[in-house]
Amino acid sequence: MSAEEEREGAAAGAPPAEVGASNRRCKLYQSTGFEWIAVGVGHASVELKEEGGGKLLLIDEADARNLWITHAIEPGTAQNYQHQQDTLILFTNRHTQEEYGLSFEEPTGCMAVWEALMSAAADGEMMDAIDIFLPNPTEENLEEIANSLKYLLGLGRGKEPVIQQLLDGYILQLFTLYEEVEKQEKIASLHLIWRIFRDIFLFNSAEVLKFVLANENIARVIACFEYNPNRPGKRMNHRAFLASVRFRNPLNFDHGLTDRIRQLYLIQYLKESVVASVLEEPVQESINLYHLYCRNDLLKALACDDGYIAALFNTLQDPDASDDQREALILLTQDIVVSTKTLPVQHKVEFFEFLVKRGLLNVLTACIPHSNPRVRGASADILWNLDINLIRTFSLSESEKSAGCPLLRVIFTQFINEDIEGLQHQWQEGIVRPLVEVHSQKYSYATATDPSALDMPPEFMSVLYERLPPNLPNTLQAPPLIDLFFHPVIYHPLIIENAAMVPPTAKQFLDLRRANTVLYLTLPIISCCVLGHTVRMNTYLLAKNVPQKIISLLSHRSKLPIQLILSIIWFIKALVASLDECMFKHIIKHNLLDPLFKLLKKSKRYTLLNSSLLSVLEFIWRENCRTLLQHIVSNYREDLDDIGYVGTGASLLKRHVTNTAQATIANSTGESTLPSKRPLPMSSPFSAKLDDFDDGYFDEDDDDSDISHGSKRWKPG
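Residues numbered from 1 in each chain as written. Predicted model: local features only at pLDDT ≥ 70, side-chain atom pairs only at ≥ 80, totals over all residues. Heavy atoms only, no water.

Draft legend 1. Main features of the overall build of the protein. Of regular secondary structure, the protein possesses 32 helices and 7 strands. Here the protein holds 717 residues, and the buried ones make up 50% of them. Considering only contacts within the protein whose residues lie at least 6 apart along the sequence, 67% involve residues at least 24 apart. On the protein, roughly 33,700 Å² of surface is accessible, and the fraction owed to carbon and sulfur atoms is 50%. (Helix = DSSP H or I, 4+ residues; strand = E, 2+ residues; numbered from the N terminus. Buried < 20%, exposed > 50% of the residue type's maximum accessible area, 1.4 Å probe, protein only. Contact = heavy atoms within 4.5 Å. Areas by Shrake-Rupley, 256 points an atom, 1.4 Å probe, with all protein chains shown as cover.)

Draft legend 2. Focus on the sheet that holds strand 6 (residues 88-92). The 7 strands lie next to each other as 4-3-2-1-7-6-5, forming an open sheet whose pairing is antiparallel. Where the open sheet ends on each side, the last strands, each with one partner, are strand 4 (67-73) and strand 5 (81-84). Taken over all neighbouring pairs, the strand axes of this sheet differ in orientation by 30° on average, direction set aside. When strand 1 (residues 25-31) meets strand 2 (residues 36-48), the two strands line up antiparallel, connected through 7 bridges. When the sheet's bridge partners are listed, tyrosine 29 is paired in strand 2 with alanine 38. Lying on the sheet, helix 2 (residues 107-121) is in contact with strand 2, strand 3 (54-60), strand 4, strand 5, strand 6 and strand 7 (99-104); it crosses strand 5 at an angle near 155°. (Pairing = 2+ DSSP bridges. Axes fitted to C-alpha atoms, helices over the stretch in contact; angles between N-to-C directions.)

Draft legend 3. Structural context of the confidence of the model for the protein. In the predicted model, the protein carries a mean pLDDT of 81, and the fraction of residues at 70 or more is 84%. Across the protein, the secondary-structure element scoring lowest on mean pLDDT is helix 1 (residues 3-8), at 46, and the one scoring highest is helix 25 (residues 562-577), at 94. For the stretch residues 1-20, pLDDT sits under 50, and the model shows 38 contacts to residues farther than four places along the chain or on other chains. In the model, residues 695-717 has pLDDT below 50 throughout and makes 43 contacts with residues more than four positions away in sequence or in other chains. (pLDDT = per-residue confidence, 0-100.)

Draft legend 4. Inspection of unusual backbone geometry at higher detail. Look at leucine 579: it is not a glycine, yet its phi comes out positive at around 55°. As for its placement among the helices and strands, leucine 579 is situated in the loop between helix 25 and helix 26 (581-589).

Draft legend 5. Summary view of the environment of glutamate 280. Following the sequence through the fold, glutamate 280 ends up in the loop between helix 10 (257-274) and helix 11 (281-303). On the basis of relative accessibility, which here comes to 23%, the residue glutamate 280 falls in the partly exposed class. Spatially, the C-alpha atom of glutamate 280 lies 9.5 Å from that of phenylalanine 201, the residues being 79 residues apart in sequence.

Draft legend 6. Broad picture of the environment of leucine 396. Within the fold, leucine 396 resides in helix 17 (residues 388-399). It is 7.2 Å that separates the C-alpha atoms of leucine 396 and valine 463, two residues lying 67 residues apart in sequence. Beyond its immediate chain neighbours, meaning those up to four positions away, leucine 396 contacts Glu459, Phe460 and Val463.

Draft legend 7. Representation of helix 18 (residues 406-417) in the model. Taking 1.5 Å as the rise per residue, helix 18 with 12 residues should run 16 Å; its terminal C-alpha atoms sit 16 Å apart, in good agreement. All buried positions along helix 18 are accounted for by Leu407, Leu408, Val410, Ile411, Phe412, Gln414, Phe415 and Ile416. (Expected span 1.5 Å × (residues − 1).)

Draft legend 8. The arrangement of the side chain of glutamate 618 in detail. By the element assignment, glutamate 618 lies in helix 28 (residues 608-623). Accessibility expressed as a relative area gives 1% for glutamate 618, which makes it buried. In terms of polar contacts, glutamate 618 uses its side chain to reach the side chain of threonine 648, at 3.2 Å. (Polar contact = N/O pair within 3.5 Å; in protein donor to acceptor, adjacent residues only side chain to side chain.)

Draft legend 9. Spatial organisation of the packing of aromatic side chains. Enumeration according to the criterion identifies 15 aromatic pairs in this entry. When the ring of phenylalanine 241 is compared with that of tyrosine 269, the centres are 5.5 Å apart and the planes differ by 15°; the resulting orientation is stacked. Pair noted here: phenylalanine 241 is in helix 9 (residues 238-244) and tyrosine 269 is in helix 10, with a separation of 28 residues, a long-range link. Judged by its relative accessible area of 12%, tyrosine 269 falls in the buried class. By the ring-pair criterion, three or more aromatic residues cluster together here, those being Tyr81, Phe91 and Tyr100. Lying over the aromatic face of phenylalanine 460, arginine 392 brings its terminal NZ or CZ to 5.6 Å of the ring centre. (Phe/Tyr/Trp six-rings, centres within 6.5 Å; stacked < 30°, edge-to-face > 60°. Lys NZ or Arg CZ within 6 Å of the ring centre and 35° of its normal.)

Draft legend 10. Structural detail: the nonpolar core. Judged by nonpolar contacts, the single largest core of 184 residues is most densely connected at Phe201, Ile330, Leu383, Ile411, Phe412, Phe485 and Leu541. Counting 23 residues, the second-largest nonpolar core is a separate cluster that includes Cys26, Val46, Ile73 and Met118. (Core = buried A, V, L, I, M, F, W, Y, C linked by side-chain atoms within 4.5 Å.)

Draft legend 11. Structural view of the pattern of salt bridges. All chains considered together, the criterion is met by 17 salt bridges. Between glutamate 418 and arginine 376 there is a salt bridge, with its nearest N and O atoms 2.8 Å apart. Here the residue glutamate 418 occupies a position in the loop between helix 18 and helix 19 (421-436), and arginine 376 occupies one in helix 16 (residues 373-385), the gap between them amounting to 42 residues. Judged on exposure class, the residue glutamate 418 and its partner arginine 376 are both buried. A salt bridge links lysine 601 to aspartate 639; the shortest N-O distance between them is 3.4 Å. With lysine 601 in helix 27 (residues 594-602) and aspartate 639 in helix 30 (residues 637-642), this residue pair connects regions lying 38 residues apart in the sequence. Lysine 601 gets classed as exposed once you look at its relative accessible area, which sits at 61%. Within this structure, Glu182, Glu226, Arg235 and Arg239 form a network of salt bridges that share partners. (Salt bridge = Lys/Arg side-chain N within 4 Å of Asp/Glu carboxyl O.)

Draft legend 12. Looking closely at the side chain of aspartate 199. Position of aspartate 199 among the secondary structure elements: in helix 6 (residues 187-202). Those residues within four positions of aspartate 199 in sequence are excluded, and the remaining contacts are Ala146, Leu149, Lys150 and Leu153.

Draft legend 13. Structural context of the packing of helix 28 against helix 31 (residues 648-669). In the contact formed by helix 28 and helix 31, the axes pass within 10 Å of each other and the chain directions differ by 25°. Looking at the two axes, helix 28 sits roughly parallel to helix 31. Every pair of crossing elements has a handedness; the one defined by helix 28 and helix 31 is left-handed. Touching Leu614, Leu617, Glu618, Ile620, Trp621 and Arg622 of helix 28 are Thr648, Ser651, Leu652 and Arg655, all from helix 31. (Parallel < 35°, antiparallel > 145°, perpendicular 65-115°, else oblique. Left-handed = near helix turned anticlockwise from the far one by under 90°.)

Draft legend 14. A look at the pairing of strand 3. Counted residue by residue, strand 3 has 6 buried out of 7 residues, so it is predominantly covered. Pairing of strand 2 with strand 3 involves 7 bridges; the strand directions are antiparallel. Following the sheet pairing, serine 45 is matched in strand 3 by leucine 57. Counting the residues in the hairpin turn of strand 3 and strand 4 gives 6 residues.

Draft legend 15. Structural context of helix 20 (residues 458-465). With 6 of its 8 residues buried, helix 20 lies for the most part within the structure. Considered for burial, the residues of helix 20 that qualify are Phe460, Met461, Ser462, Val463, Leu464 and Tyr465. Turning to helix 20, the residues buried within the fold contact helix 17, helix 18, helix 19, helix 22 (512-532) and helix 23 (534-544).

Draft legend 16. The arrangement of the pairing of strand 6 in detail. The element strand 6 is extensively covered by neighbouring structure, given that 4 of its 5 residues are classed as buried. Where strand 5 meets strand 6, 4 bridges bridge the pair, whose relative direction is antiparallel. Across the sheet, the residue bridging to glutamine 82 is leucine 90, located in strand 6. Of the strand pairs in this sheet, strand 6 and strand 7 are connected by 5 bridges, and their pairing is antiparallel. Opposite phenylalanine 91, over in strand 7, you have tyrosine 100 as the bridge partner. What sits between the antiparallel neighbours strand 6 and strand 7 is a turn of 6 residues, in which glutamine 97 has the positive phi angle 60°.

Draft legend 17. Focus on the packing of helix 27 against helix 28. At a closest axis distance of 10 Å, the pairing of helix 27 and helix 28 adopts a crossing angle of 140°. Between helix 27 and helix 28, the crossing angle belongs to the class labelled oblique. For the pair helix 27 and helix 28, the crossing hand works out as left-handed. Facing Leu596, Phe597, Leu599 and Leu600 of helix 27, the residues of helix 28 in contact are Leu609, Asn610, Leu613, Leu614, Val616 and Leu617.

Here it is as structure tokens:
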């Protein structure tokens, strides 16, 4: 039958009912030898004959009376058909050798047509035979074995007896046969064995995958995939590469865990480097699930083996351990902790608690300040993966001891002193900030059952602000931990007057670039404390005159990076958002808004800097901070008139007029309109409000023609 006859054949009578099934909608392509040309779109179906064979029909989607193709299927021609990916069927007209392709919309429809196609194209007698057993695994039967597996895959039935046969020693015999034909360098047979093992994987049987991926078999499976028939002139030297891989055991302590770790590595190598482009997605997903199962099983074995973890942590804390050994062991600990991401929540909780009880945080206390950046980086990554409440609980227990909470002191000190900028960002975002936040925004497995589990315990705040340990005389107590965050401010080269006053531990801040970077990362932490621990932090700030020192840096704009300038503006906004009248009076007394207005006058319109400055004024207007509002209108009236390109200045003036009128009425009636200082609870909501305000403010349209973008109103949630 020619191509024209196939495409122009008329359907006799009504098409089968299943032809119109929506999941069998596909597009027909014909190959010219150089490219595939689209012929038409329709619905595919297969008509089976009792004596074997059948017809492949493609009904025109637009007109059911028209057939795009009527392809005769003859028994024993299954080799002329291919099923690729999930939605593609390729076939050849054995008379004209013309190639066609059907591209389906849905995998289910493609599989239904493929199974019917294989039933029509299979040799009936042979299929009855392979429903029972596969031929003996000999070199002469390799092609028959490969064809039998291919038929089974196409039919979607008759697999169970064959799967059992594979598990009853058949696969092991194939391994032996492979080794024999490889010694004889029979490439054609090696290609057939490659096809056989590919199809064994495509069975997607959990029992078969568990058998071939077992520690004693997986290396032999990888060897069978070295001779790819699709690359006949090239051998994939997987075994040579794996022979060069050295499985390190820095502890020299086995307990059967080394073989499990080796198996995990080989499974990962198989799925990423051997069969990634060979197997279909469902099979690869099954391999991923088995790899996940093996990894979780290894973690359970570690949790049940006190000896291994004890040896690991004892060696890490051993002062006589070499730097190389310490690096290898902390990287091993990092791999163990990171692997817990795949554990169920409850198992992850139990495993982390097990590690902490065995001394994990004591180990990190010793490793965090290490001179090797890889050791520090691994320590930071371990802390980042731990639940924040585990660290807080451990620190509370430490605070009662003579050492005075060394873990937190080491964490904060390393954050300040870290000389690798990327690692310093990791300390700030993943560890330090979640520790000081009243409501930590960092995800935790604890929040799965209790959303308030990440709230800071009141006792932990005392650990941050009080001298420790409390049971010792003042002369023996360490300074408050919160002091560490002010070193980048106090010893900044643009702030300190006498460099000789800088202690040796803060000499790195004398370098301006280094000092700017550290201050840029530290200011968000201080601002977070202002919003979350308002009473304690503001008292601390006022006692040390910190706001004046920080804001004075704006007068050195040319020496500061834009990131630091924006951090200072955010710090000013945090002071305003604290709604603390004592802080407002301090701002007014020292004219701390003066640098802000000078910077606003010099900034270009509609830039990030300009919008950040305006957002501070916008917040003062929205919250109606009367004390600051009166100060601004009295001292910076001309500056407000100069920002007429947005509505912020006019809004402030209007609010001031309203406040004045209310005050006049109140004076005449003897009532007070000035609100008392709002008592802020320890869990202040203003941090979240400021974030919402900033998101709305900076999401405005940047088109120069829209001059009202700065007057967007923030509504408290």
